[in-house]
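So you can see what is in the structure, the chains are spelled out below.
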Amino acid sequence: ITEKTQQLQEVVITSKKKFIERKVDILIFNVENSISASGGDAIDALKITPSIRVQNDKITMIGKNGMGIMIDDKLIQLSGDDLINFLKTISSENIKNIEVITTPPAKYSAEGNSGLVNIKLKKTKNNSWNASLNSAYKQATYATGSVVGNFNYQKDKISIFSNLNYSNGATAPVETSKIYYPNQLWSNKSNRKDLVNNINGRIGIDYQISKKLSMGVQYLGSNSKPNIDENNLTTITNNINQINSFIKTNANNKRRNYANSLNWHTVYAIDTIGTKISTDFDYFNYNSLDDRIFKSNTLDSFGNITPNSYISANNKNENNFSNYSCSIDVEMPLKWINLSYGGKISFNKNNSNVSYFDLTNGNPIFEQSQSNQFKYDENVGALYFSGTKQISQKWETQIGLRMESTKTNGVSNTLNQENSNNYSKFFPTGYITYKHSENNIFSLNYSKRINRPSFFSLNPFRWYSNPFSYSEGNPFLQPSYSHNLEFVFTRKQNWENKIYISKTNNG
């Protein structure tokens, strides 16, 4: 008997992930399986992500008032153009998947009726490096160009990642509004030139200390000069639509914004079944400088300047916001439930200084009545727990509870007024998913959220937009609370149907 053996050098088992995966509390969009997202950046990937809408470089989540962006579970403390420009530094080819969290679980802050998007990046291959350089040009009323660079490096226990973006150009938004008075209609049209001039980037280092312990640090910075040139015309008409007069205002806004974010994190794996402890220490600072010079004239119905109607002023504003936070999260898979719990403390400080100088007579005259100094502190402490249970192959559920304790203090130096607040609240969450088949999945989610007033809404100072109108904050505002219910039906991998309802108390 002759026996012949052959040794196989390598066996490769491959499988393709679903285009869309529905978990008990998140929807996972596997970008690496999408041809539509290839060759673009993170913005292009978000455009085809379920429940996300991207229009005119603004990102929103359908059915939510706001949205937070995370990169590999780290919240990005940027907004507006700074956030858009940062996301453009991330190539869609480097994105593994995008997690859409329409109802954030107890692990995350209960602030705002908002959702979360977590962009998961592909890991750099062992002992390798890669770099890329991209540029883009966009032509509308004005041209805008950008240059993006990326570099990633992995060697043994060290991983380094970085990206840098520079953009320059302008856009031309048009803003219109109407104010109805008992005997007059004020129709306002503002033609603007919004300049784009910013640079932002990110650099991070991760180090694998041992098989169980890893740590890393990440820095994200942004520097922008979003200057604005305004040409504003207000047309005042009477009840029979006859023009009474015009108010013509030209303004030049010189602005400069700085943002710095620093994160230090550690992950300690206690065992091989998934029990781990994660800690994060974060610092974020945002500083904005505004210098607005405007000139205004009142014109009669024939376009002639009304005598003694000329007004000119210089409105300066400096706003500094800083945040310090520390969090600890524990994941503990047990035989009967997957348990997670932890806590977070956060300290927010905001200082605002507004100075108003009358330039009508040619020389700057400081006006105390239209200048303001306001300080606002907000400290939040939170504890949470969450449990996920796989009841059967078809049913999965999760329940969670978060407790947040808030202390606020607002001081108006100008008005010599101080107001404080102190309250603690509980925020439950619940999820249940029924998997009828691979092609039909049903989900029902519930969450309670809090909406804290912004420091601007609490500032009692009067802000004059013109000699005839002003707005002011209310220091006695209380937070509002919302209850959110969402039902989702996912059909195959390309169709999602959603019904949601939200009720807000004390809005």
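The paragraphs below set out a description of the structure included in this document. Every chain is numbered independently, its residues counted from 1 as its sequence is written. For this predicted model, a pLDDT threshold of at least 70 governs which residues receive local features, and a threshold of 80 or more governs which side-chain atom pairs are given and counted, while totals over whole chains, interfaces and linings are taken from all residues. Note that the side-chain values use all heavy atoms of the structure and ignore hydrogens as well as water.

**With respect to the overall build of the protein**
The helix and strand labels rest on DSSP assignments: H or I over at least four residues marks a helix, E over at least two residues marks a strand, and numbering proceeds from the N terminus. The helix and strand tally for the protein stands at three helices and 28 strands. In terms of overall dimensions, the protein has a C-alpha envelope of 115 × 50 × 45 Å along the principal axes. To sort residues, take the accessible area from a 1.4 Å probe on protein chains only and compare it with the maximum for the residue type: under 20% means buried, over 50% means exposed, and anything in between is partly exposed. Within the protein, buried positions represent 41% of all 507 residues. Residue burial considers only the protein chains on display, and all accessible areas are found by Shrake-Rupley using a 1.4 Å probe. Counting every atom, the protein has about 28,700 Å² of accessible surface; 54% of that belongs to carbon and sulfur. Neither His nor the chain termini are counted; the positive set is Lys and Arg, and the negative set is Asp and Glu. Lys charges are placed at NZ, Arg charges at CZ, Asp charges at CG and Glu charges at CD. Across the protein, the mean location of the 55 positive side-chain charges is 4 Å away from that of the 41 negative side-chain charges.

**A short note on the nonpolar core**
Only buried Ala, Val, Leu, Ile, Met, Phe, Trp, Tyr and Cys residues count toward a nonpolar core, and they belong to the same one when joined by side-chain atoms within 4.5 Å. Core analysis: the biggest nonpolar cluster contains 30 residues, and Leu87, Ile95, Ile98 and Ile119 have the highest contact counts within it. Elements with a contribution of two residues or more to this core: β2 (27-29), α1 (42-47), β3 (52-55), β4 (58-61), β5 (66-71), α2 (80-87), β7 (95-101) and β8 (114-121). Contacts: residue pairs with any heavy atoms within 4.5 Å of one another. The residues touching Leu87, leaving out its near neighbours within four places in the chain, are Asp41, Ala42, Ile43, Leu46, Ile59, Ile69, Ile71 and Ile119.

**Looking at the pairing of strand β24 (residues 440-451)**
Taken together, the eight bridges between strand β23 (residues 417-437) and β24 define a ladder with antiparallel strand orientation. By the bridge assignment, Gly430 is partnered in β24 with Tyr446. For two strands to be treated as a pair, DSSP must find at least two bridges joining them. Here β24 runs beside strand β27 (residues 480-491); their pairing, made up of twelve bridges, is antiparallel. Of the residues in β27, the one forming a bridge with Asn451 is Ser480.

**Concerning the pattern of salt bridges**
Salt bridge, as used here, is a side-chain nitrogen of Lys or Arg placed within 4 Å of a carboxyl oxygen of Asp or Glu. Inspection of the entire model under this criterion finds 13 salt bridges. As a salt-bridge pair, Glu175 and Arg192 come within 3.9 Å of each other at their nearest N and O atoms. Of this pair, Glu175 sits in strand β12 (residues 174-180) while Arg192 sits in strand β13 (residues 185-208); the two residues are 17 residues apart in sequence, bridging distant segments of the chain. Assessed through its relative accessible area of 45%, Glu175 is described here as partly exposed.

**Here we look at the sheet that holds β8**
Strands sit in the order β1-β2-β7-β8-β5-β6 across an open sheet of six strands; the sheet is mixed. Two strands bound the open sheet, and with one partner strand each, they are β1 (20-22) and β6 (74-75). As judged from the three bridges shared by β1 and β2, these two strands associate in the antiparallel manner. Across the sheet, residue Ile20 finds its bridge partner in β2, namely Phe29.

**Concerning α2**
Counting buried positions over the eight residues of α2 gives six, a clear majority of the element. Every buried residue of α2 is listed here: Asp82, Leu83, Ile84, Asn85, Phe86 and Leu87.

**Concerning the packing of aromatic side chains**
We call Phe, Tyr and Trp rings a pair once their centres come within 6.5 Å, taking the six-membered ring for Trp, and we label the pair stacked below 30 degrees between planes, edge-to-face above 60, and tilted otherwise. Per the stated rule, a full pass over the model turns up eleven aromatic pairs. Their ring planes at 65° and their centres at 5.5 Å tell us that Tyr181 and Trp186 sit as a pair that is edge-to-face. Its relative accessible area of 12% is what places Trp186 among the buried residues. One aromatic cluster is present, formed by Trp395, Tyr434, Phe442, Phe487 and Phe489 through successive ring pairs. If you follow Lys193 out to its NZ or CZ, it ends over the ring of Tyr142, 4.6 Å from the centre. Above the ring of Tyr481, the side-chain terminus of Lys448 is found at 5.4 Å from the ring centroid. Any Lys NZ or Arg CZ that is within 6 Å of a ring centre and within 35 degrees of that ring's normal is treated as a charge sitting over the ring.

**Some thoughts on the environment of Leu359**
With respect to the helices and strands, Leu359 occurs in the loop between β19 (338-358) and β20 (365-366). For Leu359 and Ser159, which are 200 residues apart along the polypeptide, the C-alpha to C-alpha distance reads 56 Å. Beyond its immediate stretch of four places on either side in the chain, Leu359 contacts Ile293, Ser312, Ala313, Asn314 and Pro364.

**Things to note about the environment of Lys276**
Along the polypeptide, Lys276 turns up in strand β17 (residues 276-300). Residues Lys276 and Asp329 lie 53 residues apart in sequence; the distance between their C-alpha atoms is 8.3 Å. When neighbours within four sequence positions are excluded, Lys276 is seen to be in contact with Val267, Tyr268, Ala269, Ile270, Asp329, Val330 and Glu331.

**So, the side chain of Thr144**
Of note, Thr144 is situated in strand β10 (residues 143-155). Looking at Thr144, its side chain comes within polar contact range of the main-chain oxygen of Ala170, at 3.3 Å. What qualifies as a polar contact is a pair of N or O atoms within 3.5 Å, subject to a donor-acceptor requirement within protein and to the restriction that residues adjacent in sequence count only when both atoms come from side chains.

**What to know about the environment of Gln398**
Mapped onto the elements of the fold, Gln398 is located in strand β22 (residues 395-412). Along the sequence, Gln398 and Ile432 sit 34 residues apart, while their C-alpha atoms lie 6.5 Å from each other. Within the structure, Gln398 has its side chain in polar contact with the side chain of Asp25 (distance 3.3 Å).

**Regarding the pairing of strand β11 (residues 158-171)**
As a general feature of sheets, a regular strand has side chains that alternate between the two faces. In this structure, β10 lies alongside β11, joined through twelve bridges in antiparallel fashion. The residue bridging Gly149 from the neighbouring strand is Leu164, located in β11. Note that β11 and β13 share 14 bridges and pair antiparallel. Each bridged residue has a counterpart across the sheet, and for Ser159 the counterpart in β13 is Asp206.

**Looking at a nonpolar patch on the surface**
Residues Ile158, Ile203, Ile205, Tyr207, Ile209, Val217, Tyr219, Leu262, Trp264 and Phe281 make up a contiguous nonpolar surface patch of about 820 Å² in total accessible area. The element best represented in the nonpolar patch is β13, accounting for three residues. Here Ile209 is to be found in the loop between β13 and β14 (213-224). Since its relative accessible area comes to 33%, Ile209 is described here as partly exposed. Residues qualify for a patch when their relative accessible area is over 30% and they have no salt bridge, like charges being joined within 9 Å and the nonpolar side chains of Val, Leu, Ile, Met, Phe, Trp and Tyr within 5 Å.

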